[in-house]
Amino acid sequence: EPANDTISQLVLRRLFDDNYNKNTVPLKTSATVVSIEFGIQNIAQVSEISASFTLDLLFSQIWHDPRLRFDHITTCLQNLTLGYSVNLVDIMVEKLWTPNVCFVNSKKTEIHSSPTPNIFLMIYPNGTVWVNYRLQVQSPCMVDLVLFPMDVMNCELIIESYAYNAAKVKLNWREWQPVFSIAKSKLSDFTLYGLQWTKNSFEYAAGQWDQVWTLPGIFNYLVFAFQLTVSLTFSRAYGFYILQMYIPTYSSVFLSFVSFWIDLKALPARITLGVSSLMALTFQYGNVAKNLPRVGYVKSIDVYMVLTTAFIFLTMIEVAFVCYLESENNMRRKERQAEKKKERVAALQRKKDKKKNNYGATTMTNTNAADSDLRSNYDEPFSNGTASHKISISRQANNMFESLHALAQFGIPILKILFSCLYFNSEFPGLLADDDDENTKWTAQNVDKFCRKAFPLSFCLLNLIYWCYYLYQNYLAKAEALAQMTPPS
């Protein structure tokens, strides 16, 4: 081993002598091909507030530099493996040529230090260089909260050589599984279900390096570079929002429906129940909304909140409506009772004026009364019965009522009450009835009975439509996000 260390030092001095220039590319006649390997070690965070995600990853670059061949120097070394040290820093930063690969869309990139910077360098005898970094990268995401909390987020990392165009450096993915993940796919609030990688060419304002003839003798230089893109698609796990948002609000809404079973006389209880449900709903939505970015479009949860708030508000409107309806019905009931009372008094007065001389001793001036009075028949038992045969059944019934009224005039209270009930109910039907509400369709009780069925059924139906629609939109968003990711080339 000491001999190997000595040989390693000798090889490093021979490789990085004065003839090695880190500012020139390894190949003069063609582009240097750099193979990229991208390993996701951990998904630290996905934030819709900052529209970004944070990854811990292992990032490898592999290229061939003929100037670093040492197989002609010694055959004792299979490779030169160098960890982080002062000498390695000097070699990497000051002496070694690198393709200067970077994440062009990252917000922040750091090399892990635990406790020393996690950098790995290996040089093979044929001049192949392998550099590996353990990084923490924060990159932007495309946040669309229209389907929140059933939304899908697409996050990208774009890899490019910052200092060299495609004529000097070509970036390619490694031939076998260039992008892999050893991290857990399920986070606390997101699930990683899509991981794709692509290769694209990006044309800058200066154009391409390829020479294009526009006019005779004039060259138009265009610059373009290769870009490698890693796309991660996250689907939000909405179980937290079902437990913390949907179920409590469902409880508040159904609790407000209980007021339909409370008697209208307990009006303060019905009002308190509706107001308390509305306040609880507002509090639940406030806890969720404060953790969301301020966007100017309507989200799925906004539609749900408008739906639930509208039902609680309608329960309060129903309370006001039945109170108004009950007040109007009471007023109309009192007016009808007063009118019927006047009609009964007028009818009694008219009957008294008409019949005041028809009871007691029968006079001969009123032959109809004499014939119709039953007592006249009983005072002459030896008559031939010719008059009694002329009396019909209907007249006997009327005479019975008149006889009862005559007895009532002599001071029999029970018969007087009986006569009043029988006579006026037969002669003037409805005058003695007190159930005036039977002719009124819209009463407070009928409205409450209707709302007991209409409100829960309509709320359940609208929720069924809500969930079916947004779950289907969530499925379409996932399919669209995966369709936009072309197969790796």
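Here the structure is a predicted model, which means the values were calculated and not measured. (Residues numbered from 1 in each chain as written. Predicted model: local features only at pLDDT ≥ 70, side-chain atom pairs only at ≥ 80, totals over all residues. Heavy atoms only, no water.)

Let's shift gears to the UniProt feature "transmembrane region" (unreviewed entry) in the chain. Per the UniProt record, "transmembrane region" (unreviewed entry) is found at residues 218-239, 245-264, 271-289, 301-325 and 454-472. For residues 454-472, helix accounts for 100% and strand for 0%, while the C-alpha atoms at its two ends are 27 Å apart. (UniProt positions renumbered as here; feature names shortened; annotations may be inferred. Helix = DSSP H or I, 4+ residues; strand = E, 2+ residues; numbered from the N terminus.)

Another point: the packing of helix α5 (residues 300-355) against helix α10 (residues 444-483). Packed helix pairs are specified by the crossing angle of their axes together with the interaxial distance, meaning the distance between the axes. One way to put it is that α5 packs onto α10 with a least axis distance of 11 Å and a crossing angle of 170°. In terms of their interaxial angle, α5 and α10 are classed as roughly antiparallel. (Axes fitted to C-alpha atoms, helices over the stretch in contact; angles between N-to-C directions. Parallel < 35°, antiparallel > 145°, perpendicular 65-115°, else oblique.)

It is worth spelling out the nonpolar core at this point. Most often, soluble globular proteins keep nonpolar side chains buried together rather than apart. Within the largest apolar cluster, 52 residues are counted, with the highest numbers of intra-cluster contacts made by F38, F59 and I159. Once you skip the residues sitting within four places of it in the chain, F38 turns out to touch L55, L57, L58, F59, F103, L157, I159, W173, P178, V179, F180 and V230. Formed by 34 residues, the second largest nonpolar core is a distinct cluster that contains M150, Y250, L281 and A444. (Core = buried A, V, L, I, M, F, W, Y, C linked by side-chain atoms within 4.5 Å. Buried < 20%, exposed > 50% of the residue type's maximum accessible area, 1.4 Å probe, protein only. Contact = heavy atoms within 4.5 Å.)

In this section: the pairing of strand β6 (residues 119-123). Across the 5 residues of β6, 4 count as buried, placing the element largely inside the fold. Here strand β3 (residues 80-82) pairs with β6 via 3 bridges, running antiparallel. The residue bridging L82 from the neighbouring strand is L121, located in β6. Pairing of β6 with strand β7 (residues 128-142) involves 5 bridges; the strand directions are antiparallel. If you follow I123 over to β7, its bridge partner there is V129. As consecutive antiparallel partners, β6 and β7 are separated by 4 residues, and within that stretch G127 has a phi angle of approximately 100°, a positive value. (Pairing = 2+ DSSP bridges.)

Now for the state of the cysteines. All chains considered together, the criterion is met by 1 disulfide. The disulfide partner of C141 is C155, and the S-S distance across this bridge is 1.9 Å. A torsion of 100° about the S-S bond marks the disulfide between C141 and C155 as right-handed. Linking C141 in strand β7 with C155 in strand β8 (residues 152-161), this pair joins segments that are 14 residues apart in sequence. Each member of the pair, C141 as well as C155, is classed as buried. (Disulfide = S-S within 2.5 Å.)

Now for the side chain of S252. With respect to the helices and strands, the residue S252 is situated in helix α3 (residues 239-257). Looking at S252, the relative accessible area reads 8%, which means it is buried. Not counting chain neighbours up to four residues away, the residues in contact with S252 comprise S277, A280, L281 and I312.

Okay, unusual backbone geometry next. Cis peptide bonds are those with omega within 30 degrees of zero, and the linkage from S114 to P115 qualifies with -5°. Note that P115 resides in the loop between β5 (108-111) and β6. In this model, F148 is joined to P149 through a cis peptide bond whose omega is 5°. Positioned with a positive phi, N100 is a non-glycine residue whose angle comes to about 60°. Take N100: it is sitting in the loop between α2 (86-95) and β4 (101-103). The backbone of Q177 shows a phi angle near 40°, a positive value even though the residue is not glycine. Relative to the helices and strands, Q177 is located in the loop between β9 (169-173) and β10 (179-181). Residue Q177 is classed as exposed on the basis of its relative accessible area, which comes to 51%.

Before going further, it helps to examine the environment of V179. Along the polypeptide, V179 turns up in strand β10. In sequence terms V179 and V230 are 51 residues apart; their C-alpha atoms lie 8.0 Å from each other. Each residue touching V179, except ones within four places of it in the same chain, is listed here: F38, W173, L195, W197 and V230.

Between its first and last C-alpha, helix α4 (residues 267-289) extends 33 Å over 23 residues, near the 33 Å set by a 1.5 Å rise per residue. Those residues of α4 not exposed but buried are R270, L273, G274, S277, L281 and V288. Those residues of α4 that are buried lie in contact with α3, α5 and α10. (Expected span 1.5 Å × (residues − 1).)

Let us now look at the pattern of salt bridges. Throughout the structure, instances matching the rule amount to 9 salt bridges. For K108, the salt bridge identified is with E110, shortest N-O distance 3.1 Å. E110 gets classed as partly exposed once you look at its relative accessible area, which sits at 36%. D448 is paired through a salt bridge with R270; the nearest N and O atoms lie 3.2 Å apart. Of this pair, D448 sits in helix α10 while R270 sits in helix α4, and the two are 178 residues apart along the sequence. When its relative accessible area of 0% is taken as the criterion, R270 is described as buried. A single salt-bridge network, built from bridges that share partners, covers E48, D151 and R236. (Salt bridge = Lys/Arg side-chain N within 4 Å of Asp/Glu carboxyl O.)

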